[in-house]
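Observations on the model geometry
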Amino acid sequence: MIRKFIIKSLVATVLLYAIYLIVIFTYPNVFPNSKSLILINKNDVEHSEIIISGDSRAEFQIDPALLNQYTQKNSINVAESAFDLFSLTERLKLSSLKNKTFVVSSSFWQINDGSIDKGYIREEALSKLSFKEKITLYQNRLTDLIEAQNSLFMHRFLNTDTLVLGNKDKKLNHGYGIYPCKSVDLSENHFKNHPWYLKPKIDGVKLTLLKRALLNMKNMPSNTFVLYNGVVCPEFKNATQKNGIWNLEKQYNAKISEIIQTEKITNVHFFNLIENTDLESSDFTDIQHTCIHGNVKFTKLIAQILQSINKS
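Let us look at the structure shown here. (Residues numbered from 1 in each chain as written. Predicted model: local features only at pLDDT ≥ 70, side-chain atom pairs only at ≥ 80, totals over all residues. Heavy atoms only, no water.)

Enumeration over the complete set of coordinates arrives at 1 cavity of 30 Å³ or more. Estimates place the volume of the largest cavity at around 80 Å³. Every residue lining the largest cavity is listed: Asp84, Leu85, Phe86, Trp109, Gln110, Tyr120, Ile121, Ala125, Lys206, Leu209, Leu210 and Ala213. At the level of elements, helix H5 (85-93) and helix H10 (205-218) are the ones that each hand at least two residues to the lining of the largest cavity. Counting residues per element, the lining of the largest cavity draws most heavily on H10, which supplies 4 residues. (1 Å grid on protein atoms, 1.4 Å probe; cavity = no way out; pocket = protein on both sides within 12 Å on 5 of 7 lines; lining within 4 Å. Points joined across faces, edges and corners; volume = space filled by probe spheres on them. Helix = DSSP H or I, 4+ residues; strand = E, 2+ residues; numbered from the N terminus.)

The tally for this structure, following the rule as stated, stands at 1 disulfide. Across a sulfur-sulfur distance of 2.0 Å, cysteine 181 and cysteine 291 are joined as a disulfide pair. Between cysteine 181 and cysteine 291, the disulfide has an S-S torsion of 85° and is therefore right-handed. Placement of the pair is cysteine 181 in the loop between strand E5 (164-165) and helix H9 (188-192) and cysteine 291 in the loop between strand E7 (268-272) and helix H13 (292-311), with a sequence separation of 110 residues. Judged by its relative accessible area of 0%, cysteine 291 is buried. You can see cysteine 233 has no disulfide; the closest cysteine sulfur is in cysteine 291, sitting 11 Å from it. Classification of cysteine 233 as buried rests on a relative accessible area of 1%. (Disulfide = S-S within 2.5 Å. Buried < 20%, exposed > 50% of the residue type's maximum accessible area, 1.4 Å probe, protein only.)

This next bit is on the pairing of strand E4 (residues 101-105). Burial runs high along E4: 5 of the 5 residues are buried. What you see with E4 is no split at all: Thr101, Val103 and Ser105 on one side and Phe102 and Val104 on the other are buried throughout. Across 5 bridges, the pairing between strand E2 (residues 50-54) and E4 is parallel. Paired with serine 53 across the bridge in E4 is valine 104. Bridging between E4 and strand E6 (residues 224-229) involves 5 bridges; their strand directions are parallel. Each residue of the ladder has a partner; that of serine 105, found in E6, is tyrosine 228. (Pairing = 2+ DSSP bridges.)

Another point: the nonpolar core. Counting residues in each nonpolar core, the largest one holds 83 residues, and the members touching the most others are Ile62, Leu165, Leu214, Phe236 and Ile302. In this structure, leucine 165 is in contact with Leu37, Ile38, Leu39, Ile40, Val78, Phe83, Leu88, Leu92 and Leu97, ignoring residues within four places of it in sequence. (Core = buried A, V, L, I, M, F, W, Y, C linked by side-chain atoms within 4.5 Å. Contact = heavy atoms within 4.5 Å.)

Running from N to C, helix H4 (residues 64-71) and H13 point in directions that differ by 40°, and their axes come no closer than 9 Å. With respect to each other, H4 and H13 are oriented oblique. Note on packing geometry: the crossing formed by H4 with H13 is right-handed. Contacts between H4 and H13 involve Leu66, Leu67, Tyr70 and Thr71 on the former and, on the latter, Val296, Thr299, Lys300, Ile302, Ala303, Leu306 and Gln307. The class makeup of the residues in the contact of H4 with H13 is 7 nonpolar, 3 polar and 1 charged. (Axes fitted to C-alpha atoms, helices over the stretch in contact; angles between N-to-C directions. Parallel < 35°, antiparallel > 145°, perpendicular 65-115°, else oblique. Left-handed = near helix turned anticlockwise from the far one by under 90°. Nonpolar A, V, L, I, M, F, W, Y, C, P; charged D, E, K, R; others polar.)

Listed below in structure tokens is the structure:
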């Protein structure tokens, strides 16, 4: 009797778990997010000629007040840590923003299928992947996939999905994050555990998302997009040539340029800044992020890039 009870309990548990998985993976597809995009500080965003977005190498490094001084154009920084290009462009598709210049930081993790720690795959991107793409991306971390999918399901089921662009603390020509200046960790252990370079695979699902993002930009022809792979500390190249990361960065830059050229995307300009030598070690807080000293130099560099595009 006990044996039969245990078997029946196990079967019931497996069936319930299977039903649970079916529900969390199918519900978001059957009931897509129908909410409109919310522009935080809408008036400031709409009156900005330059909109800074992308990941932390924009969020903490480009000062919109300085950019306004250099370019004489209204600027706002709406970047977020680990904000992927696909999610950004999907939101922009829902906006009415036109005739804007978007300055967007796009770092290596955007293309690496190994960079799937929490926060690196937003629910918005996850919801647009096919079941096969999800399994491919998370094949070695299925529990993380189930957790992420469950979160997507709950937000969709409870109607708490959010589609926002902006930050209440970032206003026109004002407000951005600042990293403190400190010594840079160039140890091999640091690179080994760096979330951007875990189990590097650059020809998989995230490459597909990157291409979709660039095509989204192409379909917004009134806007100009300035993408960049940001500056790195001077010692980065020597340190990463030994472990292969430098070559991965070069491949990433090449793939973006190739997609832009192959798809004839004329409103997207990509700049590889990892070989820029204008900054010193004291301008950084870590291997890839500038601190307050470097922010001034980096913002000026971005202004020069924008001016060169306007002249061409």
